[in-house]
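# A structural walkthrough
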Amino acid sequence: MTLAESSAEDIDKAAPRTANPGGARRRKRRLFEFKSDIPASWSITLGILVWVLFFGFWEFAVWQNWANDILLPGPGKVLSALYTLFTEESFLYDVVVSVTRILVSFALACLVAVPLGILMGSFRTVEAFFNPLVSAWRYLPAPAFIPLLLMWLGASDAQKLALLFLGVVWFLTTLIMDHTKSVPADFVRTAVTLGGNRLQVLRTVVVPAALPDILVAMRQMLAVSWTYLVIAEIIAADVGIGAMMMRAKRFLHVDQIMAGIVVIGALGLLFDFLLKKFHGIAFAYLEENVR
Amino acid sequence: MASHVKLSVNGVCKSFGHGAHRVEALRDVSFNVLQNEVCVLLGPSGCGKSTLLNIVAGLQDPTVGSVVLDGTEIDGPARERGMVFQSYTSFPWLTVEQNVEYGMKLNGVPKAERMERASHFIDLVHLTKFRKTYPKNLSGGMKQRVAIARTLANRPEILLMDEPFGALDAETRWHMQEMLIEIMKSSQTTIMLVTHDIPEAIFLADKIVFLSSHPGRLKAILGLEFKKGKDIRDKEELITLDGYPECERDILAMMRAEARPQDAT
Ligand SMILES: Nc1ncnc2c1ncn2[C@@H]1O[C@H](COP(=O)(O)OP(=O)(O)OP(=O)(O)O)[C@@H](O)[C@H]1O
Ligand SMILES: [Mg+2]
C-alpha cells in the first residue's frame with residue numbers, strides 16, 4: 001500500500017459523482033482490480049463470508065446425509081466433542097505437551113540456525129564450509145529419519161524433539177543466511193569506514209539489520225514445525241494432540257479427530273498472530289510516523 | 001588555508017578479473033589533496049571514480065601504487081577516512097541522534113562528549129527538530145544529512161563522498177550543496193567527492209580531478225582560478241561570476257571528448 005495509492009483512494013471516496021461537472025467521468029470501482037487495495041470493511045466481510053460458506057456447506061452436507069453420520073459429524077457435534085475432550089478427557093494435558101514440544105524443539109533449532117545463518121551470510125568462508133552440509137540435509141525429508149530416531153531414542157520425547165528439530169533447522173539456517181546476505185553492503189562499508197572492527201560491525205550493523213527478516217523466517221518455519229509435530233505424534237506417542245487423534249480413530253470418534261484438527265489450526269493461527277504482533281512492536285521503527 | 005599535502009595518490013592502477021575477463025579500471029593515477037581542500041573527482045560514467053574513492057577509503061586495494069594520508073600509507077578502512085555513499089545508509093533501527101553518535105560509540109568516545117558532538121553536528125545539518133526521529137520518517141535529503149553528520153561527528157581526517165546527492169531531486173540537491181559549503185566554512189575539513197554533475201563540481205570544488213575513461217587516467221587537474229579567494233555561498237552567486245560559463249563549457253567539452261569513443265563501442 002503506497003502513499004500514492006491510499007491518497008488516490010481517499011480522493012476517490014470523498015468525491016461524489018456530481019462534484020465532477022463536465023470532467024472525466026469517475027472510473028467505476030471494479031470488483032477485481034490487479035494489485036489494487038480494497039477497503040478494510042470489504043476485506044473483513046469477505047474474510048467472514050468464506051467461513052460462513054464453509055460451515056454452511058458442511059451443515060448442508062451433513063443434513064443431506066452425503067456421508068455416514070459417524071464419518072461426517074456436523075460442526076455442532078465437533079464443538080461438543082471439543083468441550084468433552086477438555087472437561088472429561090484431560091485434553092488440555094495433550095495440548096500442553098504438544099505446545100511444549102513445539103516450543104522446545106523450535107528454540108533449539110533457533111539456537112543453532114540463528115548464529116549459524118548469520119555467520120554463513122556474513123562470511124563466505126563459513127558459507128563455503130557449512131553450505132554443502134546444510135543444503136544436503138535440507139533436501140532429505142525429515143520423516144525419513146523416523147525409523148532411525150525410533151531405534152536410537154525409542155518412542156521418547158527426545159525422538160519427537162529430534163524430528164521437529166531436523167524438520168526445520170536446515171531451512172531456517174538457509175533463510176537466515178539469505179536474509180543476512182541481503183543486508184545492504186553500504187551499511188557494512190559505512191560502519192568500517194567509521195572505524196568499526198569485524199565484531200562491532202557484526203553486532204551493531206549486520207544483526208540489527210537482518211533481525212526483522214529473521215523473525216519473519218521464524219514465523220514461516222514455526223508453521224512447518226506444526227506439520228512435523230503431527231507426524232511425530234501420529235506415529236508413536238501416548239500423549240499430544242496427534243496421539244489423541246489416533247486414539248480417537250481407534251474408537252471411531254471422528255468428531256474428536258476433527259476437534260483435534262480445529263485445535264491445531266487455532267494454535268497455529270495464535271502463534272502466527274503473536275509473532276506478527278511481536279514483530280510490529282519490536283521493529284516499530286520500520287513503520288512510518290513512529291517517533 | 002594551510003597548503004600542506006593531506007593525501008597523496010601515487011601511481012594507482014587497478015584492474016579487476018583475470019585473463020580475458022580482465023578489466024582495467026584505473027591506470028597510473030597520481031595527484032595530491034591539500035589540507036582543507038575540496039577535491040572533486042569528475043569524469044564520464046564508468047571511468048573509475050568510485051573505484052578510486054574506494055581505494056582511498058581502503059575498501060579496495062590498488063593493484064599497483066599507494067595512497068598516503070598524513071605521511072602514512074593507508075592499509076584498509078579506518079576512522080580517519082569516513083565515507084558517505086549515494087545509497088541511504090542511515091541505520092533504520094537508530095534514531096537520528098543515535099545514528100550520529102554511532103561512529104563515536106564504535107570508537108569509545110565518552111557519553112558526554114558523544115552527546116555534545118552529536119548535537120553540534122545535528123544542528124549543523126539542520127536536523128535539530130528531528131533528533132528523536134527514525135529514518136523511515138525522513139526524506140532522502142534528510143537521510144543523507146544524517147549520514148554526513150554521522151561521518152563528520154566521527155572527526156575523520158578526510159571526508160569521502162561518492163555521489164552523495166546523486167539520488168536527490170534537483171531542488172534538494174542544491175540545498176544540500178549549499179549546506180555542504182556552509183559546513184566546510186564552519187568546520188575545517190578535507191573532502192574528496194565524486195560526482196558527474198558539472199555545476200555541482202564547480203560549485204563545491206577547490207580542485208577538480210578529471211579522469212578519462214577506459215581505463216581511468218588522469219586527464220586534467222583544474223584549479224578553478226576564477227573563483228579563487230571569493231566567498232561563494234549560493235549557486236546564483238557562482239553562475240553570475242566571471243569565468244563560470246567558460247569553465248563549465250571547457251569541462252563539458254572534456255566530458256564529450258571522453259564520451260565519444262565509448263559511444264562507438
Ligand atoms: N568489482 C568489480 N569487478 C569488475 N569490474 C569492476 C568492478 N568494479 C568496477 N568495475 C569496472 O571498473 C570500471 C570503473 O567502475 P567505477 O564504478 O569505479 O566507475 P564510476 O566512474 O564510479 O562510474 P559511475 O559514474 O557510473 O558511478 C567500470 O568499467 C566497471 O565496470
Ligand atoms: Mg560510481
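For every chain, the first residue of the written sequence is number 1, and numbering continues from 1 onward in sequence order. Chain letters start at A and ligand numbers start at 1, both assigned in the order the entries are written. Per-residue local features are limited, in this predicted model, to residues with pLDDT of at least 70; the limit for side-chain atom pairs, both in listing and counting, is 80 or more; totals at the level of whole chains, interfaces and linings are taken over all residues. Excluded from the side-chain calculations are hydrogens and water; all other atoms, namely the structure's heavy atoms, are used.

### A word on the sheet that holds strand β3 (residues 38-42) of chain B
Hydrogen bonding along the main chain pairs the strands of a sheet, whether they run parallel or antiparallel. Residue and element names in this part refer to chain B. The following threshold applies: We treat two strands as partners when DSSP finds at least two bridges between them. Working definition: helices are DSSP H or I runs of at least four residues, strands are E runs of at least two. Numbering for both runs from the N terminus. Think of each axis as a best-fit line through the C-alpha atoms, taken over the contacting stretch in the case of a helix, with angles from 0 to 180 degrees between the N-to-C directions. In this description, contact between two residues means that some pair of their heavy atoms is separated by no more than 4.5 Å.
Here six strands make up an open sheet; going across it, the order is β6-β7-β8-β3-β9-β10 and the pairing mixed. Looking along the sheet, the strands with just one partner apiece sit at the ends: β6 (81-84) and β10 (217-222). Along the sheet, successive strands turn relative to each other by an average axial angle of 20°, direction set aside. Across five bridges, strand β7 (residues 158-162) lies against strand β8 (residues 190-194) in parallel orientation. Following the sheet pairing, Ile-158 is matched in β8 by Thr-190. The sheet strands contacting helix α4 (residues 140-153) are β6 and β7, and the helix crosses β6 at an angle near 180°.

### Some points on the pattern of salt bridges
We apply this condition: Should a side-chain nitrogen of Lys or Arg be within 4 Å of a carboxyl oxygen of Asp or Glu, the pair is scored as a salt bridge. Throughout, exposure labels follow a simple rule: accessible area from a 1.4 Å probe, protein chains only, divided by the maximum for the residue type, with under 20% read as buried, over 50% as exposed, and the rest as partly exposed.
Applying the stated criterion across every chain, the model contains 18 salt bridges over all chains. When the shortest N-O distance is used, the salt bridge between Arg-173 of chain B and Asp-197 of chain B registers 3.3 Å. On the criterion of sequence distance, the pair formed by Arg-173 of chain B in helix α5 (residues 170-186) and Asp-197 of chain B in the loop between β8 and α6 (198-204) is long-range, its members being 24 residues apart. In this structure Arg-173 of chain B comes out as buried when scored by relative accessible area, which is 13%. Via salt bridges that share partners, Arg-101, Asp-157 and Glu-233 of chain A belong to a single interconnected network.

### Re the site of ligand 1
Residues and elements named next belong to chain B. Selection criterion: We define proximity as follows: a residue is near a molecule or strand when any one of its heavy atoms falls within 4 Å of that partner. Here a polar contact is taken to be a pair of N or O atoms separated by no more than 3.5 Å, where protein atoms must pair a possible hydrogen donor with a possible acceptor and residues adjacent in sequence count only if both atoms sit in side chains. Each accessible area is a Shrake-Rupley estimate made with a 1.4 Å probe; only the visible protein chains count as cover when residues are assessed.
Taken together, the residues surrounding ligand 1 are Phe-16, Ala-25, Ser-45, Gly-46, Cys-47, Gly-48, Lys-49, Ser-50, Thr-51, Glu-163, His-196 and His-214. Contact distances for ligand 1 include 3.2 Å between an oxygen atom and a backbone N or O atom of Cys-47. Here an oxygen atom of ligand 1 and a side-chain polar atom of Thr-51 are 2.5 Å apart. Protein chains bury 62% of the 630 Å² of accessible surface belonging to ligand 1 in isolation. No other element matches the three residues that helix α1 (residues 49-57) contributes to the shell around ligand 1.

### Section: the side chain of Gln-200 of chain A
Tracing the backbone through its elements, the reader meets Gln-200 of chain A in helix α9 (residues 198-235). The exposure class of Gln-200 of chain A is buried, given its relative accessible area of 17%. For Gln-200 of chain A, the side chain forms a polar contact with the main-chain oxygen of Leu-106 of chain B, separated by 2.9 Å.

### Looking at a nonpolar patch on the surface
Definition in use: The residues that make up patches have over 30% relative accessible area and no salt bridge, and they are joined within 9 Å when like-charged or within 5 Å when they are Val, Leu, Ile, Met, Phe, Trp or Tyr.
On the surface, Ile-38, Leu-46, Leu-49 and Leu-53 of chain A cluster together into a nonpolar patch covering about 350 Å² of accessible area. With respect to the secondary-structure elements, Leu-46 of chain A resides in helix α2 (residues 40-63).

### Regarding the interface of chain A and chain B
Which entries qualify depends on this criterion: When two parts are brought into contact, each loses some accessible area as probed by a 1.4 Å sphere; the total of that loss over both is the buried area. Gly is put with the polar residues, along with every residue not named as nonpolar or charged; the nonpolar set is Ala, Val, Leu, Ile, Met, Phe, Trp, Tyr, Cys and Pro, and the charged set is Asp, Glu, Lys and Arg.
Counting from both sides, the interface comprises 22 residues of chain A and, opposite them, 29 residues of chain B. Summed over both sides, the interface of chain A with chain B buries roughly 2300 Å², with 62% coming from carbon and sulfur. Taken together, the connections running from chain A to chain B amount to zero salt bridges. Counting every contact that joins chain A to chain B gives six residue pairs in polar contact (both at pLDDT 80 or more). Ranked by residue count, the leading element in the side of chain A that touches chain B is helix α8 (residues 185-193) of chain A, at seven residues. In the side of chain A that touches chain B, the residues fall into ten nonpolar, seven polar and five charged.

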